[in-house]
Amino acid sequence: MEKYCLQNQWLIQIEFLLCIVMLTLLPISFKPALALGNETDRLALLALKDQLVGSYPAALNSWNDSLNFCDWEGVKCGLRHQRVRTLNLIGLELGGIISSFIGNLTFLREVNLFDNKLKGNIPVEFGHLRRLRYLNLSQNNLQGQLPVELTNCSNLKVLGLYTNNLTGKIPFNLGGMKNLLELYLGTNKLVGTIPSSFGNLSSLNVLGLEYNYLEGIIPSALGRLSNLERLSLAVNKLFGIIPSALYNLSSITFLSLALNQLSGRLPPELGFAFPKLEEFYIGGNKFSGTIPRLVSNISNPQYFDFGANNFFGSVPNNLGNLKNLRVLFIDNNNLGSGKAGDLDFLSSLSNCSRFQDLRMHVNRFGGVLPNSIANLSTQLQGLDMGGNPISGSIPEGIGNLINLNMFGMWGNFLTGNIPDSIEKLQNLEGLYLHENSLSDMSNLKNLVELYVDNNNFSGEIPKTLGEILGLRILFMQKNSFQEITSFVGEFQN
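Residues numbered from 1 in each chain as written. Predicted model: local features only at pLDDT ≥ 70, side-chain atom pairs only at ≥ 80, totals over all residues. Heavy atoms only, no water.

Trainee: So what's going on with the sheet that holds strand S20 (residues 334–335)? Which residues, and what values?
Mentor: Sheet strands pair by backbone hydrogen bonding; their relative direction is either parallel or antiparallel. The parallel open sheet is built from six strands, whose spatial order is S10-S12-S14-S16-S18-S20. The open sheet has two edge strands, strand S10 (215–216) and S20, and neither has a second partner. As defined by bridge partners, strand S16 (residues 286–289) adjoins strand S18 (residues 310–313) across two bridges and the pair is classed as parallel. Among the inter-strand pairings, serine 288 is bridged to a residue of S18, identified as asparagine 310. (Pairing = 2+ DSSP bridges. Helix = DSSP H or I, 4+ residues; strand = E, 2+ residues; numbered from the N terminus.)

As structure tokens, this is what we get:
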């Protein structure tokens, strides 16, 4: 019996020792693989550093063997594998090129090299980063074409490449990246058409293609992007009409199609199609017809640009319903009839308490300049009504617009005086009253630019003009001022 107990204890000891050996061996068997992965990441980072030239004094100084690479500037590693997950080197003035060794950092989820001076091509090796969720290379000097290999990054949610020098066509396969939420390709030199495959990016919230050389029509397939909130196609060479499918984008808050060659008419139901629209820019195209009255149905519009088109007719007099309206550009069109009543819509704008800028120059607005312009928001900074057949005089109440920075009434049929109340406009820097029939000038202050040429001014030039220290541009010709020679000498001094 005693012998059996001894044998049993011996077996227990053997099993215990075996367990200790196994526990000791297990980490050893995993150590080479872990170390190999870590070393791959460290060497890849050093290869990246070798290709970068930084004018920022302390850029990447921490990238040396005195620290674990996971503690290097802009580097974050995952807790489990200690592999690089984030590379964030924003605004370090880094130059040089992006090394192809970036493709060896296979655990990367986020790469942000925004606002540097990087040049060269985008490495095709980015296509090896299957875990990548966020890639921002915007505001650099990158060149070449968009590598189609980027479409291998099927988990990518944000792709930012704007403000570079990228050329060539947009890869059709980019439309297969169905997890994309935001795509920024603006301010490059991209050519060709907008791929219809973009209609497959069903999760997309933001699409920015502005400031390129894209041509052709706007694909109707974009109307399938039901989650799209911001669409910018401005400053390209697009032509044709806005496809009717685009009016299905009921979630859109920002739509910019400005400075293209688009044409056609806006639908009457525009306000119902885009109920959440906040910013709408279509200036600098060839649109015609009238401005839809139902834009007032939009719940929170703030910026409207209809300028430089061929719109005609009257301006809707219910724009005052847009309580949060800040900017309205309707300049360089054929709006108005040259008769009384054309300016009735101005009264309703007095309800827009946040209104900051109204540009309505170069149209056909007629009638007498209404006193209601003095009731516009005190936040108003810019008011340009030049180049119209508007008559009457400048209301004394103009002095209520205490934040006015620019006031343009040039090229109209105004008579009478420049009202004394204009002295209250302490922020006024630009006053453009040329080509009217004004006959008397008040004391003016703080101006930087003053245009009063081609009027009926006479008598002495107000001495206060010579006291405006910041005045840089002054046009007074084709009036009947006295002693203009002596004033010019004083002004030059």
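Next comes the rest of the description.
Trainee: Just give me the short version of unusual backbone geometry, but keep the residues and values in it.
Mentor: Unlike most non-glycine residues, aspartate 115 shows phi in positive territory, near 60°. Tracing the backbone shows aspartate 115 in the loop between strand S3 (110–112) and strand S4 (134–136).

Trainee: Explain the sheet that holds strand S22 (residues 367–368) to me, using residue names and the numbers behind them.
Mentor: Across the sheet, four strands lie side by side as S22-S24-S26-S28; this open sheet has parallel pairing. The open sheet has two free edges, formed respectively by S22 and strand S28 (437–440), since each of these has just one partner strand. Taken together, the two bridges between strand S24 (residues 390–392) and strand S26 (residues 413–417) define a ladder with parallel strand orientation. Counted as the bridge partner of glycine 392 is leucine 414 from S26.

Trainee: How would you sum up the packing of aromatic side chains? Please name residues and give values.
Mentor: Applying the stated criterion to the full structure yields 14 aromatic pairs. On the numbers, 5.7 Å between centres and 55° between planes, the contact of phenylalanine 254 with tyrosine 281 is tilted. Residue phenylalanine 254 is found in strand S13 (residues 254–256), and its partner tyrosine 281 is found in strand S15 (residues 279–281); the two are separated by 27 residues along the sequence. In this structure phenylalanine 254 comes out as buried when scored by relative accessible area, which is 13%. Pairwise contacts between aromatic rings join Phe280, Phe304, Phe306 and Phe311 into one cluster. For arginine 131, the ring lying beneath its charged end belongs to phenylalanine 107, and the centroid distance is 4.0 Å. A cation over an aromatic ring shows up here: arginine 230 above the ring of phenylalanine 254, its NZ or CZ 4.1 Å from the ring centre. (Phe/Tyr/Trp six-rings, centres within 6.5 Å; stacked < 30°, edge-to-face > 60°. Buried < 20%, exposed > 50% of the residue type's maximum accessible area, 1.4 Å probe, protein only. Lys NZ or Arg CZ within 6 Å of the ring centre and 35° of its normal.)

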